[in-house]
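# Close look at the chain arrangement
The lines below spell out each chain.
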Amino acid sequence: MTLPSPSTDRALRIYLALAQYPVLQTRIRARMRRELFERGIVGPKDFEAEVRQKAIESQAREGLHDPLWEESGEIWEIRMSRVRKHLTDFYFAYNLRFEDFEEIVKDVLAERIPAVDEIEISFNPELAPQDMLFEQAMALESLPVEERAHYQPRYHELIVVLIRRMISDQLAYINIAKTWFTASDLLDIQRRKIGHGKIGGKAAGMLLAARILSEIAGEDIRDALCTPESYFLGSDVMYAFMSYNDLIHWADQKYKSEEQINTEYPTIQEEYAKAKFPPDIIEKLQEMLADVGKQPLIVRSSSLLEDNFGTSFAGKYESVFCPNQGSPEENLSRLTQAIARVFASGLNPDALLYRRAMGLQDYDERLAILIQVVEGERFGDYFFPHAAGVGFSRNIYRWSPQIRSEDGFLRLVWGLGTRAVDRVGSDYPRLVALSHPHLRPDADPKQIRRYSQQYIDLINLKENRFETLPVLEVITRRYPLLRYIAQLDQGGYLVPIRSNLSTGNVKKIVLTFDALIQRTELADRMKRILNLLEHHYKTPVDMEFAIRVEDPQSLSPGIRISILQCRPQSHAEEEEAHIPDELNPEEIVFSTRRMVPRGHIRDIRYVLFVVPEGYYALPTPSARAELGRTISRINTILSNEVFICIGPGRWGTRDPDLGVNIRYSDIYNTRALVELAGEGIGPAPEPSFGTHFFQDLIEARIHPLAIFLNDEGVIFDRQFFYHTPNRLAERAPDEAHLAACIRLIEVSSFRQGYHLDVIMDNEAGQAVALLCPD
């Protein structure tokens, strides 16, 4: 056996020594090359030329005959980096002593920060591997401030490239994020990421909001803020999952007809539910579950376009709670099923038709996954936060002239925040105008009780499942936050809870959140948080949050605010609209003063009127659901017409007994959704603003309005709605059997040569539908 030569032995010793310092290898090798250059062993230009030549030779050995085109730029940079490392070790080992190498290592360890001349800018960040970007970005970040200034453009470029690769490629986001994220921030995200690809919009918004506030918010806000423990499944994992399970044939779903999209979605859900994950992803998820322990989790979509400027995708994709209380095998199974379910939701009709309507159909919309530990605490067998909700920096639907739009508002609920963002049946969040937190939409105690929260979303730890339960089944007189969230109904007036309740009084509890608003800094801090984020986003924002009251027995309890999500607030730039000073009563079809937005809908030719008497006469919920599908077909038929929809109760509710059960994909061609209530029709609809459904309407420039027939001064022309000829059979012959429930009114049939204009004057607080000559 031939003994190694001294130089070969040195090369091996250097290689093994470098392996002990994985984080410092880049700096050590940079110092080794500087030593070679200063001693004249090889020049920098000759060295780089040899690196390039040997990289080309290695391509040839692999059978690449046209290396310029047969290999991606990223792979080429990886190849160059590896050759550069090996050539550095080779020259050093064959020309210098091992003692020289040891001196370099000692110097680097002693300095802890790189010397300026060790920073290499010979590679292109756009093509370089991610590890190389992080190595150089971290090296630059650790330089003293005065030395870092020289390399600031390079550092800036590295941050932008890392954001684009890891988080989002949306320029509006990058333009803000590049100012705030550091290399250390991005490295922390990378450590919590599973698989390749970006972490998507939902994760991006949460992280950016937290980063901005941690830097510039007041000390009281910084001390009160936190974000949930979070993990990120990269967007490329979705394609790996599809390939692993032969699901790629569904990738062209977005180009199919609306009928196919609707018909095939149940099959997609079934196939995704049966699919398995690649072993490497399973291994990483097992490690994550081991770290999390028994804490409940939520699996949330975080698509590449989600929570973007102008397209929020609010509620388009699923979020799934995983109570995480079973055996490790059961918890892993539930987690992978939840992820597969979210992946499948990327092909649901609402999402695909929303993308089509927004001109985003051709974008490669991959879904990343955001996995978060659920914020909250245990109460008996249940787990939920003290309060949760969504805050908006702009209140575009004021219920009183005193309210300042620019101060924003909250939708606040007890328990998990799902009830604040989803429009659910027979339930109401607390609306808080942050300019006047104590000013409610309804002042009458009976109305406050009627429009208070009746159900709570929570995790049942004992049953290992997500549940929705009546508030009075969960709350007890021993609940620690009782006096903060509730008051007692004393038969005509509400009183604060000041002492221990008797068991009989629990049934008199009404969730008002008055003490939470009065005794804590919640309203003031949320107003300042939303204002700061709007300022730095340069657009109104909305933020989902969870609340924890700290030291509730104290006279000055603390408040902990957890940021769950942040995105640009959906809003349409509408023209100023003013109602004429003099109106002819014979030209008014309807008029309302219920929470009026700003805008003007011109040249309305059709009104789709869901007749309350006919709708509620339908015998079953399934029959009412079928009516919703009929409206969807009429929406398609009228795609080239200007029309509005008017119906009883809540549009978009999940409960057909409370209103018309439709989705965004059923009504996206309409220009307004008007909700009727009162005079036997039903209770006044809960304002939809702040819900995911509301976000859809605003982004599609669909105006939500409400007409409460019992309100003073309301006009509703029954002659127009009930006695104008019904054109349903002419425009939609297949739906003629529903003529008693749906009236399709052509405006010119009521008055020849006329159309409708709807003028919404938010300053005057009035909306009017007027007959206008063509």
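If you're wondering where the values come from, they're calculated on a predicted model, not measured in any experiment.

From N to C terminus, the protein chain includes 31 helices and 28 strands. Here the protein chain, with 774 residues, has 56% of them falling under the buried criterion. Intrachain contacts of the protein chain at a sequence separation of at least 6 include 75% that bridge at least 24 residues. Working note: accessible area of the protein chain is about 33500 Å², and carbon and sulfur atoms make up 49% of it.

Taken as a whole and assessed by the stated rule, the structure comprises 25 aromatic pairs. For the pair Phe-90 and Tyr-91, a centre-to-centre distance of 5.7 Å together with 75° between the ring planes defines the contact as edge-to-face. Here the aromatic rings of Phe-277 and Phe-343 are separated by 6.3 Å at their centres, their planes lie at 35°, and the arrangement is tilted. Of this pair, Phe-277 sits in the loop between α15 (258–274) and α16 (279–292) while Phe-343 sits in helix α17 (residues 328–345), and the two are 66 residues apart along the sequence. A network of ring pairs unites the aromatic residues Phe-609, Phe-716, Phe-720, Phe-721, Tyr-722 and Phe-750 as a single cluster.

So, about the sheet that holds strand β15 (residues 494–496). One open sheet holds the three strands; their spatial order is β15-β14-β16, and the pairing between them is antiparallel. A single partner strand is all that each edge strand has here, and the edge strands are β15 and β16 (509–511). On average, adjacent strands in this sheet sit at an angle of 45° to one another, irrespective of strand direction. Sheet topology places strand β14 (residues 486–489) next to β16; three bridges connect them, and they run antiparallel. Bridge pairing in β16 links Gln-487 to Val-510.

The next thing to look at is the pairing of strand β22 (residues 643–648). Most of β22 sits out of view: six of its six residues are buried. Across the two faces of β22 the burial is the same, with Phe-643, Cys-645 and Gly-647 and Ile-644, Ile-646 and Pro-648 all buried. Pairing geometry for β22 and strand β23 (residues 672–677), over four bridges, is parallel. The residue of β23 that forms the bridge with Gly-647 is Glu-675.

Attention now goes to the environment of Glu-550. With respect to the helices and strands, Glu-550 occurs in strand β17 (residues 541–550). Considered as a pair, Glu-550 and Thr-520 are 30 residues apart in the sequence and their alpha carbons are 10.0 Å apart. Ignoring anything within four residues of it in the chain, the contact list for Glu-550 reads Pro-557, Gly-558 and Arg-560.

Another aspect to go through is a negative patch on the surface. A contiguous patch of negative charge, built from Glu-99, Glu-102, Glu-103 and Asp-107, is present on the exposed surface. Note on placement: Glu-99 falls in helix α6 (residues 98–111). Here Glu-99 falls in the partly exposed class, since its relative accessible area comes to 43%.

Within the largest apolar cluster, 88 residues are counted, with the highest numbers of intra-cluster contacts made by Ile-167, Leu-186, Trp-414, Ile-475, Met-526, Leu-533 and Met-543. No other element matches the nine residues that helix α12 (residues 201–216) contributes to this core. If near-sequence neighbours (up to four positions away) are discounted, Leu-533 is found in contact with Ala-209, Ile-212, Leu-213, Val-541, Met-543 and Cys-566. Listed in part, the 45 residues of the second largest apolar core include Val-237, Phe-241, Tyr-265 and Ile-282.

Attention shifts here to the packing of helix α10 (residues 171–180) against α12. Interaxial distance between α10 and α12 falls to 10 Å at its minimum, and their mutual angle equals 40°. Considered as vectors, α10 and α12 are oriented oblique to each other. Crossing handedness for the pair α10 and α12: left-handed. Every residue of α12 that contacts α10 at Tyr-173, Ile-176, Ala-177 and Trp-180 is listed here: Ala-204, Gly-205, Leu-208, Arg-211, Ile-212, Glu-215 and Ile-216. Of the residues assigned to the contact of α10 with α12, the class counts are eight nonpolar, one polar and two charged.

With that settled, consider the confidence of the model for the protein chain. Scored by pLDDT, the protein chain comes out at a mean of 86, with 89% of its residues at no less than 70. When pLDDT is averaged over each helix and strand of the protein chain, the minimum, 57, is found for helix α1 (residues 6–18) and the maximum, 97, for strand β8 (residues 382–384). Below a pLDDT of 50 lies the segment residues 1–6, which in the model reaches one contact outside its immediate sequence neighbourhood of four places, other chains included.

What follows deals with helix α2 (residues 25–38). Side chains of residues three or four places apart in an α-helix project in the same direction, reflecting 3.6 residues per turn. Helix length check: α2, at 14 residues, gives a terminal C-alpha distance of 20 Å against a target of 20 Å (1.5 Å per residue), a fit within 8%. Backbone geometry just downstream of α2 places Gly-40 in the positive-phi region, at approximately 75°.

By way of backbone hydrogen bonds, the strands of a sheet pair with one another, either parallel or antiparallel. Pairing within the open sheet is mixed, and its six strands lie in the order β2-β18-β17-β9-β10-β11. Each edge of the sheet is formed by a strand with only one pairing partner; in this case those strands are β2 (225–226) and β11 (430–433). Lying on the sheet, α12 is in contact with β2 and β18 (558–568); it crosses β18 at an angle near 130°. Against the sheet, helix α24 (residues 522–537) contacts β2, β9 (387–392), β10 (409–413), β17 and β18, and its axis sits at roughly 150° relative to β17.

Scanning the entire structure with this criterion turns up 38 salt bridges. Glu-48 serves as the salt-bridge partner of Arg-84, at 3.1 Å between the closest nitrogen and oxygen. Taken together, the residues Arg-84 in helix α5 (residues 73–95) and Glu-48 in helix α3 (residues 44–61) connect sequence positions 36 residues apart. For Arg-84, a relative accessible area of 7% translates into the label buried. On the basis of relative accessibility, which here comes to 24%, the residue Glu-48 falls in the partly exposed class. One continuous salt-bridge network, built from bridges that share partners, spans Glu-35, Arg-39, Arg-97 and Asp-100.

Parameters at a glance
- Residues numbered from 1 in each chain as written.
- Predicted model: local features only at pLDDT ≥ 70, side-chain atom pairs only at ≥ 80, totals over all residues.
- Heavy atoms only, no water.
- Helix = DSSP H or I, 4+ residues; strand = E, 2+ residues; numbered from the N terminus.
- Buried < 20%, exposed > 50% of the residue type's maximum accessible area, 1.4 Å probe, protein only.
- Contact = heavy atoms within 4.5 Å.
- Areas by Shrake-Rupley, 256 points an atom, 1.4 Å probe, with all protein chains shown as cover.
- Phe/Tyr/Trp six-rings, centres within 6.5 Å; stacked < 30°, edge-to-face > 60°.
- Pairing = 2+ DSSP bridges.
- Axes fitted to C-alpha atoms, helices over the stretch in contact; angles between N-to-C directions.
- Patch = residues over 30% accessible without salt bridge, like charges linked within 9 Å, V, L, I, M, F, W, Y side chains within 5 Å.
- Salt bridge = Lys/Arg side-chain N within 4 Å of Asp/Glu carboxyl O.
- Lys, Arg positive; Asp, Glu negative; His and termini not counted.
- Charge placed at Lys NZ, Arg CZ, Asp CG, Glu CD.
- Core = buried A, V, L, I, M, F, W, Y, C linked by side-chain atoms within 4.5 Å.
- Parallel < 35°, antiparallel > 145°, perpendicular 65-115°, else oblique.
- Left-handed = near helix turned anticlockwise from the far one by under 90°.
- Nonpolar A, V, L, I, M, F, W, Y, C, P; charged D, E, K, R; others polar.
- pLDDT = per-residue confidence, 0-100.
- Expected span 1.5 Å × (residues − 1).

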